[in-house]
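Reading the structure
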2 protein chains.
Amino acid sequence: MAQNSSITPIRVRPHVVVVGGGFGGLAVVRKLAKADVDITLIDRHNYNTFQPLLYQVATASLNPGDITWFLRAIRSKQDNVRFLKGTVVDINHEAHSILLDGDITVGFDYLVLANGVTANFFGVPGAEEYSMPLYRRSQALALRDRMFAALEDAAINGQNDNFRLVVVGAGATGVETAGALAEMRNLDMPTTYPELDPTKVHITLVEMGQHVLAPFHPNLREYAKRQLEKRGVDLRLGTVVKEVTPDGVLLEKD
Amino acid sequence: MAQNSSITPIRVRPHVVVVGGGFGGLAVVRKLAKADVDITLIDRHNYNTFQPLLYQVATASLNPGDITWFLRAIRSKQDNVRFLKGTVVDINHEAHSILLDGDITVGFDYLVLANGVTANFFGVPGAEEYSMPLYRRSQALALRDRMFAALEDAAINGQNDNFRLVVVGAGATGVETAGALAEMRNLDMPTTYPELDPTKVHITLVEMGQHVLAPFHPNLREYAKRQLEKRGVDLRLGTVVKEVTPDGVLLEKD
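First, a word on scope: everything that follows refers to the structure included in this document.

1. Comments concerning the overall build of chain A
Within chain A, the regular secondary structure consists of six helices and 14 strands. Principal-axis analysis of the C-alpha atoms gives chain A an extent of 65 × 45 × 35 Å. In chain A, the share of contacts with a sequence separation of at least 24, taken over all contacts with a separation of at least 6, comes to 63%. Between the mean site of the 26 positive side-chain charges and the mean site of the 29 negative ones, chain A shows a separation of 7 Å.

2. What to know about the packing of aromatic side chains
Overall, the coordinates contain six aromatic pairs over all chains when judged by the stated rule. Arranged with centres 5.8 Å apart and planes meeting at 80°, the rings of Phe70(A) and Phe148(B) form a pair that is edge-to-face. Pair noted here: Phe70(A) is in strand β4 (residues 68-70) and Phe148(B) is in helix α4 (residues 137-157), and the two residues belong to different chains. Residue Phe148(B) is classed as buried on the basis of its relative accessible area of 14%. Three or more aromatic residues joined by ring pairs make a cluster, and in this case those are Phe70(A), Phe148(B) and Tyr193(B). Above the face of the Tyr47(A) ring, Arg137(A) is positioned so that its terminal group lies 3.9 Å from the ring centre.

3. Quick notes on helix α4 (residues 137-157) of chain A
Helix length check: α4(A) (21 residues) gives 30 Å between terminal C-alpha atoms against 30 Å at 1.5 Å per residue, within 8%. What α4(A) keeps buried is the set Gln139(A), Ala140(A), Leu141(A), Leu143(A), Met147(A), Phe148(A), Leu151(A), Glu152(A), Ala154(A), Ala155(A), Ile156(A) and Asn157(A). The inward-facing, buried residues of α4(A) abut α2 (54-58), β10 (163-168) and α5 (172-192) of chain A together with β4 (68-70), β5 (81-85) and β8 (104-107) of chain B. Of the residues one or two after α4(A), Gly158(A) is the one with positive phi, at around 95°.

4. Description of the side chain of Thr59(B)
Checked against the element boundaries, Thr59(B) lands in the loop between α2 (54-58) and β4. Apart from residues no more than four positions distant in its own chain, Thr59(B) is found in contact with Met147(B), Thr177(B), Ala180(B), Leu181(B) and Met184(B).

5. Section: the pairing of strand β2 (residues 38-43) of chain A
All names here are of chain A. The element β2 is extensively covered by neighbouring structure, given that six of its six residues are classed as buried. Going residue by residue along β2, you find Asp38, Thr40 and Ile42 tucked away on one face and Ile39, Leu41 and Asp43 tucked away on the opposite face as well. Inspection of the sheet shows strand β1 (residues 15-19) paired to β2 by five bridges, in the parallel sense. Note that in β2 the partner of valine 19 across the bridge is isoleucine 42. Sheet analysis places β2 next to strand β5 (residues 81-85), joined by five bridges and oriented parallel. Within the sheet, the bridge partner assigned to leucine 41 lies in β5 and is phenylalanine 83.

6. Section: the interface of chain B and chain A
Contacts between chain B and chain A engage 27 residues on the former and 28 residues on the latter. Taken together, the two surfaces of chain B and chain A that pack against each other cover about 2400 Å², and 55% of this comes from carbon and sulfur. Linking chain B to chain A there are four salt bridges. Of the charged contacts in the structure, one is a salt bridge between Glu152(A) and Arg72(B), with a shortest N-O distance of 2.9 Å. On inspection of chain B and its partner chain A, the count reaches 10 residue pairs in polar contact (both at pLDDT 80 or more). Elements supplying a minimum of two residues to the side of chain B that touches chain A: β5, α4 and α5 (172-192) of chain B. Partitioned by chemical class, the residues of the side of chain B that touches chain A number 13 nonpolar, seven polar and seven charged.

7. Looking at the side chain of Asp43(B)
Residue and element names in this part refer to chain B. With respect to the helices and strands, the residue aspartate 43 is situated in strand β2 (residues 38-43). Buried charge aspartate 43 goes without a salt bridge, the closest partner of opposite sign being arginine 44 at 5.1 Å. A distance of 2.8 Å separates a polar atom in the side chain of aspartate 43 from the backbone nitrogen of histidine 45. When neighbours within four sequence positions are excluded, aspartate 43 is seen to be in contact with Gly20, Gly21, Leu71, Phe83, Leu84, Lys85 and Gly86.

8. Here we look at the environment of Gly169(B)
All names here are of chain B. Relative to the helices and strands, glycine 169 is located in the loop between β10 (163-168) and α5. Take glycine 169: its relative accessible area is 25%, and that puts it in the partly exposed class. C-alpha separation for the pair glycine 169 and isoleucine 203, spaced 34 residues apart in sequence, amounts to 13 Å. Excluding anything up to four places from it in sequence, glycine 169 contacts Gly174, Val175, Leu205, Val206 and Glu207.

9. Some details on unusual backbone geometry
Residues and elements named next belong to chain A. The phi torsion at aspartate 103 lies on the positive side, around 60°, for a residue other than glycine. Take aspartate 103: it is sitting in the loop between β7 (97-100) and β8 (104-107). Note on aspartate 103: relative accessible area 29%, which makes it partly exposed.

10. Some remarks on the relation of the copies chain B and chain A
Overlaying chain B on chain A yields an RMSD of 0.0 Å, the required transformation being a rotation through 180° with an accompanying axial translation of 0.0 Å. What the rotation and shift describe, once combined, is the action of a two-fold rotation axis. Interface overlap between copies is the fraction of interface residues in one copy that are interface residues in the other; for chain B against chain A it reaches 100%, indicating a shared surface.

About the cut-offs
- Residues numbered from 1 in each chain as written.
- Chains lettered and ligands numbered in written order.
- Predicted model: local features only at pLDDT ≥ 70, side-chain atom pairs only at ≥ 80, totals over all residues.
- Heavy atoms only, no water.
- Helix = DSSP H or I, 4+ residues; strand = E, 2+ residues; numbered from the N terminus.
- Contact = heavy atoms within 4.5 Å.
- Lys, Arg positive; Asp, Glu negative; His and termini not counted.
- Charge placed at Lys NZ, Arg CZ, Asp CG, Glu CD.
- Phe/Tyr/Trp six-rings, centres within 6.5 Å; stacked < 30°, edge-to-face > 60°.
- Buried < 20%, exposed > 50% of the residue type's maximum accessible area, 1.4 Å probe, protein only.
- Lys NZ or Arg CZ within 6 Å of the ring centre and 35° of its normal.
- Expected span 1.5 Å × (residues − 1).
- Pairing = 2+ DSSP bridges.
- Buried area = accessible area lost by both parts, 1.4 Å probe.
- Salt bridge = Lys/Arg side-chain N within 4 Å of Asp/Glu carboxyl O.
- Polar contact = N/O pair within 3.5 Å; in protein donor to acceptor, adjacent residues only side chain to side chain.
- Nonpolar A, V, L, I, M, F, W, Y, C, P; charged D, E, K, R; others polar.
- Least-squares fit on C-alpha atoms with pLDDT ≥ 70 in both.

Right, here's the structure in full:
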């Protein structure tokens with residue numbers, strides 16, 4: 001790796017640096033397609049993740065590559081952008097430059113920070129240590145692998161215990177995840193894991209508020225709720241997670 | 001994990017154990033679909049790999065999940081088979097049983113060993129240590145990741161060196177791999193890695209024999225050879241690899 005190298009080609013047009021190749025960063029890049037600027041898009045990964053379908057990777061109905069695409073391919077549609085893979089470690093406001101890991105300095109005229117969000121554990125004790133967040137491709141794969149490793153182990157060594165999957169948060173991802181897990185149990189497992197007893201697999205969806213899919217129209221909320229119940233999801237509305245332990249969650253009714 | 005557990009349900013029909021969920025093992029399982037037997041299919045992975053397309057995973061034109069499928073899904077077409085994930089560590093011929101890792105014993109009336117093949121290094125010094133074989137999904141991913149990590153590094157830190165990719169063996173996989181790499185360099189890199197100079201990326205295909213695709217009709221061999229040359233693959237026929245070192249291969253002309 002070069003030390004203290006500086007990547008700021010001599011330019012006559014304004015240089016826009018966009019940090020983050022997610023929905024936000026890409027929207028900016030695309031809007032500037034016809035603008036008289038040079039853009040540098042920076043992300044720590046060389047792929048974009050379509051987060052709304054992460055739950056399908058986690059439940060093994062899509063491959064990770066089906067919901068991600070190569071960020072460098074953006075140049076096939078737009079030639080005023082270049083891509084840099086790196087992690088921003090510092091911003092120098094006076095010098096108008098950012099510092100990437102590996103001591104790479106990138107100068108900018110305009111800087112757009114769209115470096116995304118991550119799971120919010122709301123200070124619940126144990127949540128960060130013992131739950132599996134679902135915001136990144138690697139997290140979806142970790143969840144999928146852990147689930148199937150447990151099923152394979154039970155298929156070989158006998159299913160002594162109940163499997164309990166607890167999904168916290170009944171927003172879109174929580175509802176989709178709980179529903180997909182229930183369909184996997186009801187429809188797939190009798191074929192794929194005939195050694196296991198689906199009635200010993202329990203899927204619980206915990207939500208602090210009174211509704212699933214709170215931002216949606218009441219009719220849609222009710223429909224989603226009925227569909228989850230029809231699939232046998234154990235729905236706990238108005239229920240707060242007090243603590244997450246290595247082998248369970250402590251709930252408190254509102 | 002259960003210790004010394006034995007998985008041999010009481011059966012009245014002959015029990016056929018098939019080790020290996022590749023082309024060979026699956027052909028046996030399917031042929032026995034209507035037979036009056038119970039089959040146990042055992043593989044160390046719970047997926048089947050379509051090996052002829054491994055080169056496309058290695059060169060990033062297919063996702064690993066596009067060339068693999070969940071072996072447990074075989075029960076959706078055939079109900080006299082069950083699947084066990086495990087690695088065979090011993091065979092007890094007298095007792096008619098095999099031992100899997102984790103001390104699992106599986107009895108059989110008939111045993112089919114179809115546990116596959118692996119890369120043959122032909123005793124070439126250094127080949128096993130320093131080359132990357134292409135026989136398994138994990139190996140294709142390792143090759144892909146190493147290649148793209150090198151490209152990303154050069155894109156950030158500057159391309160001081162030539163990239164040299166040497167493919168050994170001009171059978172179907174070698175020819176496909178070299179051709180796909182050349183197309184990646186010629187067609188994709190100018191868009192995806194504009195920072196890099198494609199003329200500094202060299203793809204060499206080394207073959208001991210006098211022909212590419214030796215088992216095929218001479219017309220087809222010639223066609224494949226011309227196509228590789230057209231794509232700028234540096235073809236070395238009648239050339240033996242004497243040694244593989246950490247940073248190169250030592251060749252000897254026949």
